Amino acid sequence: MNRISGDRHSGPTRRALLTAGAGSVLAAGCARGGASGAPAAATSGAATPTAAAGGLTPGVMTLFKDPAYNFNGLLALGASGAGAAEVGEVLTAVNAINGSGLTAQMYTKTFRTLGDQLLKAPPGAPADGQSKRFRALRAAQYYGQALFFVLGSDDPGSEEQLYKAGRAAWDAFCDLCEPAPVKAIVPYGTTPLPVWFFRPDTSNTPRPTVILTNGSDGQNVDMWTYGVPAALDRGWNALVYDGPGQGQLLFVDQVVFTPTWEKVVTPLVDWLSARPDVDPGRIALTGLSMAGDLAPRAAAFETRIAALVAMPGCVEPWLGFPPEIRQILTPDKQETNDIWNKEVVPELPPDAADVMKKRFEPFSVPAMLEARQGKLFTDFYTPATRIRALSITDVVGRIKAPTLVLDYEGEQFYPGQPRRMYDALTSPKDYVRLTAAQGAQLHCSPMAPQLHCEVVFDWLRKTLGVR
């Protein structure tokens, strides 16, 4: 394959590198040890998920040979502890997918069908409220699993419809909670933010509150697994929301990510602070997966955040993409897009093309709309520039709130970045590395969200002086 003038890259062709890195790019935007104190040295640079994940998912932890599918399957399996999945349902789906041959089409179809089935009446007696509630929650999980790979299926145009199915299941679950979360719309530019405010009760007692921030492709159900019940069980409130580039704002309203996440969080803090059941001096902020970059960015400017948790710490999301992807971006838009369209796209394997559609859609409405038509975007420069703009290396030092930085053994998407964040912080800080010995390895500890929540909320309780 031809290279443009001035390309000093030697060794494998760009096509070979892209093919090798495809699985890592797809998995990189999902939703995720040691003890507190200074961390040990960690390496930095781009991830190598296939190598990193392979040795850390032995035996039954390997649901699928492909690391991207395996990671997502583990997230579903791990959610069972919070009632957001059922072990038997997930493993039966895994067996069906593997038996038919692992493809995006089979994965999407299997989990979508499972979601559809759960919204129907269960076998036996008519379902009571609790059965309907948790069947809807599990349906939201399985629709989310299908949504993640739908752009690589035979029906990419069903993406918005599939998102809405998952959202309807989530809302059905919420309506059956006791008490039901307060649903509201919080002002944000021209597109308000949908929020779900969970409370232990309706007493209006001022309580500590945690704002749960999702990553680049997680769904609301993931915030249930990674925080809501943990908060409620401890007498806390929990706020779940869709920001730009997430959920409703992405798939329906077509609003992409912004690098100024403080403009997203500040209206949320305003809304919470006006409520009688919120202690305004004890509002914490967590960020899961890529939100380990977004939440710290917000806390650097929104001084009412009393405690911050980055899960994991991330200072440059662009480094979560393999170097062969990052090399495409040059300072010149035309040159960049020429490389993309003339060198890369003609030789990009279909599965790698599907990877790029998924990874870039939260940063480009045209890319998303083209992907829904089965097409690959032609403008690489604009979304790539937006991803690179998420760097927070120059603002981490502004954070004043006590901060917990999580890291994970085998962190396959942002290796070394939690350490970089920890070192750059000037506020009171702690570092915890979750490990394979705990079953909590890999990005966001997909197999151990309960342990994950214990670490986070024990730290929050201590930091905020909550009994």
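Above this text sits the structure in question.
Residues numbered from 1 in each chain as written. Predicted model: local features only at pLDDT ≥ 70, side-chain atom pairs only at ≥ 80, totals over all residues. Heavy atoms only, no water.

Colleague: How should the overall build of the protein chain be read in this particular structure?
Modeller: In terms of helices and strands, the protein chain carries 19 helices and eight strands. The buried share of the protein chain, reckoned over its 467 residues, is 59%. (Helix = DSSP H or I, 4+ residues; strand = E, 2+ residues; numbered from the N terminus. Buried < 20%, exposed > 50% of the residue type's maximum accessible area, 1.4 Å probe, protein only.)

Colleague: In this structure, what is going on with the packing of aromatic side chains? I would like to understand it.
Modeller: Within a pair of aromatic rings, the relevant descriptors are the distance that separates the centres and the angle that separates the planes. Scanning the model with the defined rule gives 27 aromatic pairs in all. Centre to centre, the rings of Tyr422 and Tyr431 are 5.8 Å apart; their planes meet at 75°, and the pair counts as edge-to-face. Residues Tyr422 and Tyr431 agree in their burial class; the two are buried. Through successive ring pairs, a cluster of aromatic residues spans Phe64, Tyr69, Tyr107, Phe111, Tyr142, Phe148 and Phe149. A cation over a ring is seen here: Lys429 above Tyr422, with NZ or CZ 4.5 Å from the ring centre. (Phe/Tyr/Trp six-rings, centres within 6.5 Å; stacked < 30°, edge-to-face > 60°. Lys NZ or Arg CZ within 6 Å of the ring centre and 35° of its normal.)

Colleague: Hey, could you run me through the sheet that holds strand S7 (residues 403-408) in this one?
Modeller: Each strand in a sheet pairs with its neighbour through backbone hydrogen bonds, running either in the same direction (parallel) or in the opposite one (antiparallel). Here we have eight strands laid out as an open sheet, ordered S1-S2-S4-S3-S5-S6-S7-S8, and mixed in their pairing. Strands with a single pairing partner mark the edges of an open sheet, and in this sheet they are strand S1 (182-186) and strand S8 (429-434). For this sheet, the mean inter-axis angle between neighbouring strands, taken without regard to orientation, is 20°. Pairing between strand S3 (residues 207-213) and strand S4 (residues 237-241): four bridges, direction parallel. (Pairing = 2+ DSSP bridges. Axes fitted to C-alpha atoms, helices over the stretch in contact; angles between N-to-C directions.)

Colleague: Sorry, what's going on with unusual backbone geometry here?
Modeller: Glycine aside, a negative phi is what most residues show, and trans is what most peptide bonds show. With an omega dihedral of -5°, the bond running from Glu178 to Pro179 counts as a cis peptide bond. Looking at where Pro179 falls in the secondary structure, it is placed in the loop between helix H7 (159-175) and S1. The omega torsion of the bond from Met311 to Pro312 falls at 5°, within 30 degrees of zero and hence cis. Tracing the backbone shows Pro312 in the loop between strand S6 (307-311) and helix H13 (323-326). In the Ramachandran plot, Leu442 falls in the positive-phi region, its phi being about 75° despite a non-glycine side chain.

Colleague: Help me out: how do you make sense of the pairing of strand S2 (residues 193-198) in this one?
Modeller: The two faces of a sheet get side chains in turn, since along a regular strand they alternate between them. With six of its six residues buried, S2 lies for the most part within the structure. Residue alternation in S2 divides its side chains into two sets, Leu193, Val195 and Phe197 and Pro194, Trp196 and Phe198, and both sets are buried. As judged from the five bridges shared by S1 and S2, these two strands associate in the antiparallel manner. For Ile185, the partnering residue across the bridge sits in S2 and is Pro194. Once S1 ends, the chain turns through six residues before running back antiparallel as S2, passing Gly189 with a positive phi of about 55°. Looking at chain direction, S2 and S4 are connected through four bridges and run antiparallel. Pairing of Phe198 across the sheet is with Ala238, part of S4.

Colleague: Looking at this structure, I do not really get the pattern of salt bridges. What am I missing?
Modeller: Oppositely charged side chains can form a pair if their charged atoms are brought close together. Considering all chains together, one arrives at 20 salt bridges under this definition. Two residues, Arg138 and Glu89, come together in a salt bridge whose shortest N-O distance is 2.9 Å. On the criterion of sequence distance, the pair formed by Arg138 in helix H6 (residues 129-149) and Glu89 in helix H4 (residues 87-100) is long-range, its members being 49 residues apart. Owing to a relative accessible area of 12%, Arg138 belongs among the buried residues under this scheme. When its relative accessible area of 18% is taken as the criterion, Glu89 is described as buried. (Salt bridge = Lys/Arg side-chain N within 4 Å of Asp/Glu carboxyl O.)

Colleague: I would appreciate a short explanation of the packing of helix H5 (residues 104-118) against H6 in the present structure.
Modeller: A pair of packed helices can be characterised by two numbers: the angle between their axes and the separation between those axes. Relative to each other, H5 and H6 sit at 160°, their axes nearing to 8 Å. When the interaxial angle is binned, H5 and H6 end up roughly antiparallel. Handedness of the H5/H6 crossing: left-handed. Contacts from Ala104, Tyr107, Thr108, Phe111, Arg112, Leu114, Gly115, Asp116, Gln117 and Leu118 in H5 reach Arg135, Arg138, Ala139, Tyr142, Tyr143, Gln145, Ala146 and Phe149 in H6. Of the residues that constitute the contact of H5 with H6, the class distribution is ten nonpolar, four polar and four charged. (Parallel < 35°, antiparallel > 145°, perpendicular 65-115°, else oblique. Left-handed = near helix turned anticlockwise from the far one by under 90°. Contact = heavy atoms within 4.5 Å. Nonpolar A, V, L, I, M, F, W, Y, C, P; charged D, E, K, R; others polar.)

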